[in-house]
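# Descriptive analysis of the structure
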Amino acid sequence: MLASKNILLIIGGGIAAFKALDLIRRLRERGATVTPVLTRAGAEFVTPLSVSALAGHKLFQDLFDLTDEAEMGHIELSRSADLIVVAPATADLMAKMAQGHADDLASTLLLATDTPVLIAPAMNVRMWQHAATQRNIAVLRGDGIGFVGPNEGDMACGEHGPGRMAEPLEIAAAVETALADGLLKGKRVLVTSGPTHEPIDPVRYIANRSSGAQGTALARALAALGAEVVFVTGPADVPPPGGVEVIRVQTAQEMLAAVKAALPVDAAVFAAAVADWRVVGASDSKIKKTKGGLPKIEFAENPDILAHVAQLTQARPALVVGFAAETDDVVENATAKRARKGCDWIVANDVRAETGIMGGPENAVTVIDAQGAETWPRMDKARVAARLAERIAAALA
Ligand code: CTP
């Protein structure tokens, strides 16, 4: 329920804007206050009067409306909200968000805020699939913007495919999830993320394809639920989320030391792709080519950080969650891995190159616990993270 929540609803200019009227009703039914903002294009599809009448609230439309600026500046307007919802989020609005434009009220509000943002994209299927839009989606996801939809189906333009705005009830549910804060208040959660780099010499190292996207999304989702998050990350492609304690490491041994130093915690989630081996006697100076000779690299096994924490006899976290990156017999291997390492849950994913999961925006996971295996549909890593964070909150409650 959304009692006492203040939602700033930005209605963009698309045919799906009519569904925003129903969304206002659904949000208000759940107890939310809805402050509506209508873009110039949005006003071509729904009237200002119907929006403000349904919202029971003053409608904001113009960046340079001096009365509004005197009463409530655009900074204040976006800061006073608990969540900003953009529905429909058009291709143009998403492009502006990705680029940081601020040339009208909607884009300025979205730039002038650190309030969480949830967007419900709606556009023609070709626009959705266009490389430019896909680039913007990746940028927005990286910026921590939440997505609901789009769904696949028949579109107003007569085409079929992804691009239909999510239904108002789905958006209302996503709003509830986004605002389910406080579930992890007072809980300290450790997340490991990213690859590790194992040096060969000062210029060369052994690495893996982990981008750190899933671990980062998870840390963000846990923090959004109010957890105090310690985020131990290897050299990842994506920036760490805001509002968490970030500890940067390079190697598996450094990661283990950072994890030990972060204990005790209520829950520990090991999303890092830790290198299994390190190079014995990594050279302090660059290894030079020698005529006819190849360097001999000898490996030693790295400590298993997850197993170490899962098997602690003192101050073991109440919940220890591992990930299993598998390419074959995913569920069987992950089930065995859970038993071998002694963790409570293991989140298995199929990292064969053709799945595009490692380093990609989406994940398809099976969560295995003592009760059995639960397979989730393929969805973006932020949604997987949100669901996992809620499951963790329920387990710790
Ligand atoms: N893990 C860890 N420390 C290691 C290796 C793995 O903490 N040295 C953790 C990972 O963060 C992950 C889980 O163990 O949560 C499983 O990682 P994975 O690479 O799938 O398993 P491995 O133990 O490396 O097994 P294998 O490579 O044989 O599949």
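Residues numbered from 1 in each chain as written. Predicted model: local features only at pLDDT ≥ 70, side-chain atom pairs only at ≥ 80, totals over all residues. Heavy atoms only, no water.

### A closer look at the overall build of the protein chain
Along the protein chain, the regular secondary structure elements total 14 helices and 21 strands. Compactness check: the protein chain gives a C-alpha radius of gyration of 24 Å against a globular reference of 21 Å for 397 residues, within 12% of the reference. When the backbone C-alpha atoms are referred to their principal axes, the protein chain occupies close to 75 × 50 × 40 Å. Within the span of the protein chain, comprising 397 residues, buried residues form 50% of the whole. In the protein chain, once contacts between residues fewer than 6 apart in sequence are set aside, the share between residues at least 24 apart is 67%. (Helix = DSSP H or I, 4+ residues; strand = E, 2+ residues; numbered from the N terminus. Rg over C-alpha atoms; globule rule 2.2 N^0.38 Å. Buried < 20%, exposed > 50% of the residue type's maximum accessible area, 1.4 Å probe, protein only. Contact = heavy atoms within 4.5 Å.)

### Notes on the site of the ligand
Near the ligand lie 14 residues; those nearest to it are Phe270, Ala272, Asp276, Lys337 and Lys341. A distance of 2.8 Å separates an oxygen atom of the ligand from a polar side-chain atom of Asp276. Phe323 has a polar backbone atom sitting 2.8 Å from an oxygen atom of the ligand. Isolated, the ligand exposes 580 Å² of accessible area, and the fraction of that covered by the protein chains is 79%. Elements supplying a minimum of two residues to the shell around the ligand: helix H12 (305-310), strand E16 (319-326) and helix H13 (330-341). No other element matches E16, which puts four residues into the shell around the ligand. Of the residues contributing to the shell around the ligand, the split by class is nine nonpolar, one polar and four charged. (Near = heavy atom within 4 Å. Polar contact = N/O pair within 3.5 Å; in protein donor to acceptor, adjacent residues only side chain to side chain. Areas by Shrake-Rupley, 256 points an atom, 1.4 Å probe, with all protein chains shown as cover. Nonpolar A, V, L, I, M, F, W, Y, C, P; charged D, E, K, R; others polar.)

### Some remarks on the pairing of strand E7 (residues 160-164)
Summarising the sheet, strand E6 (residues 151-154) and E7 pair through four bridges and their orientation is antiparallel. What sits directly across from Asp154, in E7, is His160. The turn linking E6 back onto E7 is made up of five residues, and Gly158 within it adopts a positive phi angle of 95°. (Pairing = 2+ DSSP bridges.)

### A closer look at the packing of helix H10 (residues 213-224) against helix H14 (residues 381-396)
At their nearest, the axes of H10 and H14 sit 8 Å apart, and the two run at 50° to each other. Considered as vectors, H10 and H14 are oriented oblique to each other. The hand of the H10/H14 crossing is right-handed. Of H14, the residues touching H10 (which contributes Ala213, Gln214, Ala217, Leu218, Ala221 and Leu222) are Lys381, Ala382, Val384, Ala385, Ala386, Leu388, Ala389 and Ile392. (Axes fitted to C-alpha atoms, helices over the stretch in contact; angles between N-to-C directions. Parallel < 35°, antiparallel > 145°, perpendicular 65-115°, else oblique. Left-handed = near helix turned anticlockwise from the far one by under 90°.)

### A few points about the packing of helix H5 (residues 91-99) against helix H8 (residues 131-142)
One way to put it is that H5 packs onto H8 with a least axis distance of 9 Å and a crossing angle of 50°. As summarised for this structure, H5 and H8 are arranged oblique, according to the angle between their axes. Every pair of crossing elements has a handedness; the one defined by H5 and H8 is left-handed. Across from Ala91, Met94, Ala95, Met97 and Ala98 in H5, the residues of H8 making contact are Thr133, Asn136, Ile137, Val139 and Leu140. Of the residues belonging to the contact of H5 with H8, the class tally is eight nonpolar, two polar and no charged.

### A closer look at the sheet that holds strand E13 (residues 267-270)
Read across the open sheet, the eight strands follow the order E12-E11-E8-E13-E16-E17-E19-E20; overall the sheet is mixed. Of all the strands in the sheet, just strand E12 (245-248) and strand E20 (372-375) have a single pairing partner and so form its edges. Within this sheet the neighbouring strands show an average axis-to-axis angle of 15°, counted without direction. Relative to strand E19 (residues 365-369), strand E17 (residues 345-350) runs antiparallel, the two being bridged by four bridges. Paired with Ile346 across the strands is Ile368, a residue of E19.

### What about helix H1 (residues 17-29)?
For H1, built from 13 residues, the straight-helix expectation of 18 Å at 1.5 Å per residue is met to within 8% by its first-to-last C-alpha distance of 19 Å. Where H1 is buried, its residues touch strand E1 (6-11), strand E2 (33-38), helix H2 (48-55), strand E3 (83-89) and helix H9 (168-178). Two residues or fewer after H1 comes Gly31, characterised by a positive phi angle close to 100°. (Expected span 1.5 Å × (residues − 1).)

### Notes on the pairing of E19
Within E19, five of the five residues are buried, leaving the element largely enclosed by the surrounding structure. Burial of the side chains of E19 extends over both faces: Val365, Val367 and Asp369 are buried on one face and Thr366 and Ile368 on the other. The hairpin formed by E19 and E20 contains two residues between the paired strands.

### Overview of H5
Taken together, the buried positions of H5 are Ala91, Leu93, Met94, Lys96, Met97 and Ala98. One or two steps after H5, the chain reaches Gly100, where phi turns positive at roughly 75°.

### As for the domain arrangement of the protein chain
Here the protein chain is partitioned into domain 1 (6-178) and domain 2 (188-396). Between the C-alpha centres of domain 1 and domain 2 the distance comes to 35 Å. Residue-level contacts link five residues of domain 1 with five residues of domain 2. In total, domain 1 and domain 2 occlude about 540 Å² of area from one another, counting both sides; carbon and sulfur atoms represent 47% of this. There are one salt bridge connecting domain 1 and domain 2. Linking Arg141 and Asp380 is a salt bridge whose minimum nitrogen-to-oxygen distance equals 2.9 Å. At the surface where domain 1 touches domain 2, the tally comes to one residue pair in polar contact (both at pLDDT 80 or more). Residues of the side of domain 1 that touches domain 2, tallied by class, amount to one nonpolar, three polar and one charged. (Domains from an automatic or database assignment. Buried area = accessible area lost by both parts, 1.4 Å probe. Salt bridge = Lys/Arg side-chain N within 4 Å of Asp/Glu carboxyl O.)

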